[in-house]
Amino acid sequence: MTPAIHSAAESIPSSCLHGIFRAAEEQEKQAGVDVMKLHVGDPYFNPGEDVAAAFVDAVQRGETKYTGVEGMTALREAAVEKLRVDNGIDSDVSRLLISPGSCQGLAALLQTLAEPGAEILLPELHWPVHVQQSLLAGFRPVLYRLDENFHPDADSIAAVATPRTKVLLINSPANPTGAILDRAEIESLLQLARERGWHVISDEAYEHFTYDREHLSVASLERDVPVAERIVHSVFTFSKSFAMTGYRLGYVALANDKAADVMKVVQEANIIGTSTPAQYAGIAALASRAQSTAANRKLVQHNRDVALPPLIDAGLLRELPAGGWYAMLDVGRTGLDSETFATKLLEAKGVAVVPGNGFAMRPHVDDHGRVTSHDYAPWAQHLVRIAFCVDPTWLENGIGRLLEFVEECDERSA
Ligand SMILES: Cc1ncc(COP(=O)(O)O)c(C=O)c1O
């Protein structure tokens, strides 16, 4: 007899990204033509040759053994220096851990902070993985409201907080909305977290993709606070800034020594360590970051500025996203809900986009941390997400076909 699985993990729905990923591959196989893949946040450009060479050289030198659980000292020193100079964060090698991708770093950080029955505050429009990871760590996700420009405010967050709240998650620049929080907004969220005794997790995966304003790291506002009293844990990745998605490399700057010590135990149990050649590649990436990050930002900004304005003209997008790699389109006027829109667009025009409702999933969780049911915020039923970090020809072609599809829907309903 096959044993049943009744774990909390078994109750967690797979994300909207997973479904569309499979559907796009299936469509390509069946139709035998390229799908315009606007659904995945994978860039069309590659890391520099110095990064690839550092990886290959490390392999050829035989630097392929385990490294310590916290990562190579040379890489941690380089990351601490980068945080000091570029982000204004006062970290230390003793509080900085390298992880196999920031997704894993985030999951481990959540395990580090989780307590039975604790709640985590997440934006109501979020990266679905944040919800999945929170549930896996044993948190109960509580969603906070965003305004019409997808910005949070301290009052709406305070309104949904409870005595069980332990963590506030901030993601600026945001996936999927592209919103960037300004200094005043970050200050007010940080003050609230401080008053209530919460940890703050700042996911800064898109730190180098800000188009209209500078990136501000949340932890930079804690520079003058004694280390033991700091509350902001910051998560960074090499995937986006350096186009190193497949290298799987990220790092977490823990707020204080206690959290760093606990996360080391968590990582020992989870990963033993991070790929050694990937860490050598990371050292090279940080050394040449001034040129590479500026060049990569320029490529994505060019895509944004050239390809997205027709979506504004067509009334599907309010304004160009201020940061990140994604735009949320409102396709409500087609009369189709976001899932039907994405399915029909893929079938009719060979363009893959992600239905927006998956970014607004609301899980209901029982006392054992199992998801008993879930629904979607009704206002997200008209949203779809596109990624604009993809090949410019795909992007323009995909958006052209999407606009054609919307027009055809208009004609049908006229
Ligand atoms: C908001 C956000 N955080 C973290 C990640 C994780 O990236 P990685 O695991 O490749 O570092 C992603 C990837 O899409 C993301 O969108």
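The coordinates are above.
Residues numbered from 1 in each chain as written. Predicted model: local features only at pLDDT ≥ 70, side-chain atom pairs only at ≥ 80, totals over all residues. Heavy atoms only, no water.

### Observations regarding the pattern of salt bridges
Pairing between side chains becomes possible if they bear opposite charge and their charged atoms approach one another.
Move 1: For the coordinates displayed, the defined rule picks out 17 salt bridges.
Move 2: Among the ionic pairs, Arg304 bridges to Asp212, the shortest N-O distance being 3.3 Å. With Arg304 in helix α11 (residues 289-307) and Asp212 in the loop between β6 (199-203) and β7 (232-237), this pair connects stretches of sequence that are 92 residues apart.
Move 3: On the basis of relative accessibility, which here comes to 4%, the residue Arg304 falls in the buried class.
Move 4: Residue Lys349 pairs with Glu404 through a salt bridge whose shortest N-O separation is 2.9 Å. With Lys349 in helix α13 (residues 338-349) and Glu404 in helix α14 (residues 392-413), this pair connects stretches of sequence that are 55 residues apart.
Move 5: Judged by its relative accessible area of 14%, Lys349 is buried.
Move 6: Residue classification places Glu404 among the partly exposed residues on the basis of a relative accessible area of 39%. (Salt bridge = Lys/Arg side-chain N within 4 Å of Asp/Glu carboxyl O. Helix = DSSP H or I, 4+ residues; strand = E, 2+ residues; numbered from the N terminus. Buried < 20%, exposed > 50% of the residue type's maximum accessible area, 1.4 Å probe, protein only.)

### Looking at the sheet that holds strand β3 (residues 119-123)
Strand pairing in a sheet relies on backbone hydrogen bonds, with the paired strands running either antiparallel or parallel.
Move 1: One open sheet holds the seven strands; their spatial order is β2-β8-β7-β6-β5-β3-β4, and the pairing between them is mixed. Each edge of the open sheet is held by one strand with a lone partner, namely β2 (96-99) and β4 (140-144). Each strand of the sheet is rotated relative to its neighbour by a mean of 20 degrees, with strand direction disregarded.
Move 2: Pairing analysis gives three bridges linking β3 to strand β5 (residues 165-171), with the strands arranged parallel. (Pairing = 2+ DSSP bridges. Axes fitted to C-alpha atoms, helices over the stretch in contact; angles between N-to-C directions.)

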